Amino acid sequence: MLNDFAKLIIDASATVKEAMRKLDETALKILFVVDKGNILIGSLSDGDIRRWILKDGLLTASVSEVCYRETFFATAPYNIEDIKDEIYRRKILYVPVVTKTKEVKEFLIWDKLFGSMKRNVVEKLDADVVIMAGGKGTRLEPFTKVLPKPLIPVNDKTILEHIIDKFLDFNVDSFYMSINHKAVIIKAYFEELNPPYSITYITEDKPLGTIGAVRQLAGKIEKELVLTNCDILIDADYHDILESHRKLGNHVTMVASLKQYKIPYGVCKIQNGELVCMKEKPEYDFLVNTGMYIINKEMLELIPEDTYFDATQFLDIVKEKGFKVGVYPISEESWTDIGEWAEYRKAVSKFRL
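Since the model is a prediction, treat every value here as computed from it, not as a measurement. (Residues numbered from 1 in each chain as written. Predicted model: local features only at pLDDT ≥ 70, side-chain atom pairs only at ≥ 80, totals over all residues. Heavy atoms only, no water.)

Draft legend 1. Inspection of the pairing of strand β10 (residues 174-179) at higher detail. Among the 6 residues that make up β10, 5 are buried, leaving the element largely enclosed by the rest of the structure. With 3 bridges connecting them, strand β7 (residues 128-132) and β10 associate as parallel partners. Counted as the bridge partner of Ile131 is Met177 from β10. Pairing between β10 and strand β11 (residues 198-203): 6 bridges, direction parallel. Each residue of the ladder has a partner; that of Ser178, found in β11, is Ile202. Read as a crossover between parallel neighbours, the route from β10 over helix α8 (residues 183-193) to β11 is right-handed. (Buried < 20%, exposed > 50% of the residue type's maximum accessible area, 1.4 Å probe, protein only. Helix = DSSP H or I, 4+ residues; strand = E, 2+ residues; numbered from the N terminus. Pairing = 2+ DSSP bridges. Right-handed = clockwise from strand over helix to strand, strands pointing away.)

Structure below.
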């Protein structure tokens, strides 16, 4: 029976990077770490990995160093009603069943115990959402010579609709959208679409960079902003991003994706013209800006009025003023960049699955 749950189990010697890959493949949000003989060590969630990364932990570290060791489990024999009560209270999706020596034998699953009963009710995201849709999209020419970038189709929907759909999952029903290039076409499209959500347009009379238009919202909103570019898709728990932003006391939080680069050659290290060593096909990991941010409302005052202003300039001035800029890491598979042709083709293939 345990073989049926192989996707839930990871060996204690596996690396954090391998665990991230498996979490992306299974989309289950949790793994159970076992030692030799399937002895339960603990559990590993994407949240555990995120905290590890923020502590500058290495991706080559073993999952036994990172996992949560107080994970809840049932010991056979057990009273199913008592276990169900505890599972319901904790809202746990999977619970390992172990022997007295902590050998994992099977898993109890929420869906089988409670049927169609929802585990969590998704509350409305308690923030305002701004989509920056005013750019020219020159990297996607010649499409953007005809269509505005936000309306380029990814299979059966426009890029914008895919982005909005992600927020609809968190019961967001109103959006701000900055527009400039081919603004009339964007407005006409959504007027014809007549969606079940509202859009308030922020009109740029001239290009204002990647964040300049947001200055128009200063003093007009009461919550944090979730700001996203119009050419990215973030597959993450937006509630958790916002909660993390507040808990850490950030003034701005950047959502950053792990990105792995593999050099397909032997890389030489030299000194005084002599070869010191050569590393064969090295791999490098970076955290890169995805183009999504959580921004406290008072930070909008730092953006100059009616001025071309990019997000990089904004982050610099936030830090210069002594405010806190945090980072929320996500996996590489959780970020889809649609802003250039190679990535656009990947997105089309991804959304066919």
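Draft legend 2. Layout of the side chain of Ser62. One can find Ser62 in the loop between α2 (46-54) and α3 (63-66). Given a relative accessible area of 17%, Ser62 falls into the buried group. Of note is the side chain of Ser62, whose polar atom sits 2.8 Å from the side chain of Ser64. With sequence-adjacent residues up to four places away left out, Ser62 is seen in contact with Ala12, Ser13, Ala14 and Thr15. (Polar contact = N/O pair within 3.5 Å; in protein donor to acceptor, adjacent residues only side chain to side chain. Contact = heavy atoms within 4.5 Å.)

Draft legend 3. Fine view of the packing of helix α7 (residues 159-168) against α8. Relative to each other, α7 and α8 sit at 60°, their axes nearing to 12 Å. In this view, α7 runs oblique relative to α8, as classed from their interaxial angle. In the crossing of α7 with α8, the sense of the turn from one axis to the other is right-handed. Residues Leu160, Glu161 and Ile164 of α7 lie in contact with α8, whose contacting residues are Ile186, Tyr189, Phe190 and Leu193. For the contact of α7 with α8, the class distribution of residues is 6 nonpolar, no polar and 1 charged. (Axes fitted to C-alpha atoms, helices over the stretch in contact; angles between N-to-C directions. Parallel < 35°, antiparallel > 145°, perpendicular 65-115°, else oblique. Left-handed = near helix turned anticlockwise from the far one by under 90°. Nonpolar A, V, L, I, M, F, W, Y, C, P; charged D, E, K, R; others polar.)

Draft legend 4. How the structure looks around the packing of aromatic side chains. Per the counting criterion, the structure on display carries 11 aromatic pairs. With a centroid separation of 5.2 Å and 50° between ring planes, the pair formed by Phe5 and Phe107 is classed as tilted. One end of the pair, Phe5, is in the segment before β1 (9-11); the other, Phe107, is in strand β6 (residues 104-109), with 102 residues separating them in the sequence. Under the relative-accessibility criterion, Phe5 is labelled buried at 11%. Between Phe167 and Tyr238, the aromatic rings sit 4.7 Å apart at their centres with planes inclined by 45°, giving tilted as the arrangement. (Phe/Tyr/Trp six-rings, centres within 6.5 Å; stacked < 30°, edge-to-face > 60°.)

Draft legend 5. Highlighting the environment of His162. The residue His162 is located in helix α7 in this model. What makes His162 buried here is its relative accessible area of 10%. With 68 residues separating them along the chain, His162 and Cys230 place their C-alpha atoms 9.8 Å apart. Not counting residues up to four positions away in its chain, the partners in contact with His162 are Val154, Lys157, Leu233 and Phe351.

Draft legend 6. The nonpolar core, seen in detail. In this structure, Leu125, Ile131, Phe167, Met177, Phe190 and Ile234 are the most contacted members of the largest nonpolar core, which totals 43 residues. In this structure, Ile131 is in contact with Leu160, Ile163, Ile164, Phe175, Tyr176, Met177, Ser178, Thr228 and Cys230, ignoring residues within four places of it in sequence. (Core = buried A, V, L, I, M, F, W, Y, C linked by side-chain atoms within 4.5 Å.)

Draft legend 7. Here's a closer look at unusual backbone geometry. Between Ala76 and the following residue, Pro77, the backbone shows a cis peptide bond with an omega angle of -5°. On the secondary structure map, Pro77 appears in the loop between β4 (74-75) and α4 (80-90). Positive phi outside glycine occurs at Lys29, with the angle close to 75°. Relative to the assigned elements, Lys29 resides in the loop between α1 (16-26) and β2 (30-35). Phi at Asn194 is positive, roughly 50°, even though this residue is not glycine. Its place among the elements puts Asn194 in the loop between α8 and β11. The exposed category is assigned to Asn194, whose relative accessible area is 63%.

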